[in-house]
Amino acid sequence: TWNHILLIDSNSPLMEQLNFFHDHTLLIITLITILVGYNMLSLLTNSFINRFLLHGQLIEIIWTILPAIILLFIAFPSLRLLYLLDETNKPSLTLKSIGHQWYWSYEYSDFKNIEFDSYMVPSAELNEGDFRLLDVDNRIVLPNHTQIRLIATATDVIHSWTVPSLGVKIDATPGRLNQTNFYMNRSGLFFGQ
């Protein structure tokens, strides 16, 4: 439908910040597009006769400094967001995710012996309303309003663990532990890949 054009609804503070940064950058790009379009349109209707434009040092200074200022308006929020995404606060719960060739293994590290495998549901076994290639047989259950640390690794090849509505994406690399954190604002069923 028409509402699939935009980003999905955010369910974490970090994803809200990512949405705000997207809107901020899109506004800057829209303004640049309008300005360039106006200049191109005025070039078509201009007679190119102006005796004061032969020596344009001021305009050259302006079109050199203005793009640098515009890039700063994009770079500073971007750097702030990168540091926010990488910061690991005091987690209340740790989830370890191990990527295998066709499934994921999960361990709740804060509890004893809570481990399970999560396989994708085959297309032939899907019920009405299930999502193909997204539904699994064992889902992760996590609390909301809790800082959660995710530790990801893999056993064979590089895998990518992501939940777009939470703003979480991490690579699971064999022989390496990568970590990220997230915080869920509300409860629900969130699909990832």
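Here the structure is a predicted model, which is why all the values come from computation and not from measurement.

About the thresholds
- Per chain, the residues get numbers from 1 upward, laid out in the order the sequence is written.
- It should be noted that, the model being predicted, local features are given only for residues of pLDDT at least 70 and side-chain atom pairs only at 80 or more, the latter also being counted only at that level, while totals for whole chains, interfaces and linings use all residues.
- In computing side-chain properties, one takes all heavy atoms of the structure into account and sets aside hydrogens as well as water.
- A pair of strands counts as paired when DSSP detects no fewer than two bridges linking them.
- Segments assigned H or I by DSSP are reported as helices when at least four residues long, segments assigned E as strands when at least two residues long, and all are numbered from the N terminus.
- Convention adopted: a line fitted to C-alpha atoms gives each axis, helices being fitted over their contacting stretch, and angles between N-to-C directions are expressed from 0 to 180 degrees.
- Where each domain begins and ends is defined by an automated method or by a domain database.
- The contact criterion used throughout is that any non-hydrogen atoms of two residues lie within 4.5 Å.
- Once two parts are brought into contact, the accessible area they lose, counted with a 1.4 Å probe and summed over both, makes up the buried area.
- Every case where a carboxyl oxygen of Asp or Glu lies within 4 Å of a side-chain nitrogen of Lys or Arg is listed as a salt bridge.
- By the criterion applied in these results, polar contacts are pairs of N or O atoms within 3.5 Å in which, for protein atoms, one can donate a hydrogen and the other can accept it, and in which residues neighboring in sequence qualify only through two side-chain atoms.
- All residues other than Ala, Val, Leu, Ile, Met, Phe, Trp, Tyr, Cys, Pro, Asp, Glu, Lys and Arg, Gly among them, are scored as polar; the first ten of these are nonpolar and the last four charged.
- Definition used in this section: a nonpolar core is a set of buried Ala, Val, Leu, Ile, Met, Phe, Trp, Tyr and Cys residues joined via side-chain atoms within 4.5 Å.
- We call a residue buried when its accessible area falls under 20% of the maximum for its residue type, exposed when it is over 50%, and partly exposed in between, using a 1.4 Å probe and counting protein chains only.
- UniProt positions are given in the numbering used here, feature names are shortened, and annotations may be inferred rather than shown by experiment.
- Each patch is assembled from residues with relative accessible area greater than 30% and no salt bridge, linking like charges that lie within 9 Å and nonpolar side chains (Val, Leu, Ile, Met, Phe, Trp, Tyr) that lie within 5 Å.
- Computed by Shrake-Rupley with a 1.4 Å probe, the accessible areas treat only the displayed protein chains as cover when residues are assessed.

**Quick look at the sheet that holds strand β3 (residues 115-119)**
- In space, the five strands of this open sheet follow the order β3-β2-β1-β4-β7, with mixed pairing throughout. In this open sheet, the two strands that pair with only one neighbour each are β3 and β7 (178-183). For this sheet, the mean angle separating the axes of adjacent strands, direction not counted, is 25°.
- Here six bridges tie strand β4 (residues 147-154) to β7, and the two strands are oriented antiparallel to one another. Bridging from a neighbouring strand, A152 pairs with N178 of β7.

**Regarding the domain arrangement of the chain**
- Partitioning the chain into structural domains gives domain 1 (13-47 + 55-86) and domain 2 (93-184).
- Listed as interface residues are five residues of domain 1 and, on the opposing side, seven residues of domain 2.
- Summed over both partners, the interface of domain 1 with domain 2 comes to about 400 Å²; 56% of that surface belongs to carbon and sulfur atoms.
- On the domain 1 side of the contact with domain 2, P13, L14 and M15 bury the most area, a combined 73% of that side's loss.
- Inspection of the region where domain 1 meets domain 2 yields zero salt bridges.
- Viewed at the interface, domain 2 and domain 1 are joined by zero residue pairs in polar contact (both at pLDDT 80 or more).
- Grouping the amino acids of the side of domain 1 that touches domain 2 by side-chain chemistry returns five nonpolar, no polar and no charged.

**Some remarks on the nonpolar core**
- Counting residues in each nonpolar core, the largest one holds 17 residues, and the members touching the most others are L150, W161, L166 and F182.
- For L166, the contacting residues outside a window of four places in its chain are N11, S12, M15, F182, M184 and F190.

**Some details on the UniProt feature "domain: Cytochrome oxidase subunit II copper A binding" (unreviewed entry) in the chain**
- Within this numbering scheme, the UniProt entry marks residues 90-193 as carrying the feature "domain: Cytochrome oxidase subunit II copper A binding" (unreviewed entry).
- Across residues 90-193, helical content stands at 0% and strand content at 40%; the span's end C-alpha atoms are separated by 26 Å.

**Describing unusual backbone geometry**
- In this structure, N113 takes a positive phi of about 55° despite not being glycine.
- Mapped onto the fold, N113 is located in the loop between β2 (103-108) and β3.
- Even without being glycine, H145 reaches a positive phi, approximately 55°.
- Within the secondary structure, H145 sits in the loop between β3 and β4.

**Side note on the UniProt feature "transmembrane region" (unreviewed entry) in the chain**
- The sites that UniProt annotates as "transmembrane region" (unreviewed entry) are residues 25-49 and 61-85.
- Helix and strand shares over residues 61-85 are 100% and 0% respectively, and the end C-alpha atoms of the span are 37 Å apart.

**Looking at the side chain of T94**
- Inspection of the secondary structure assignment puts T94 in strand β1 (residues 93-99).
- A distance of 3.0 Å separates the side chain of T94 from the side chain of R149, its partner in a polar contact.
- With residues near it in sequence (within four places) discarded, T94 still touches E107, Y108, S109, D110, R149 and I151.

**What to know about a nonpolar patch on the surface**
- A cluster of nonpolar side chains, L58, I59, I62, W63 and L66, forms an exposed patch at the surface whose accessible area comes to about 520 Å².
- Mapped onto the fold, W63 is located in helix α2 (residues 57-86).

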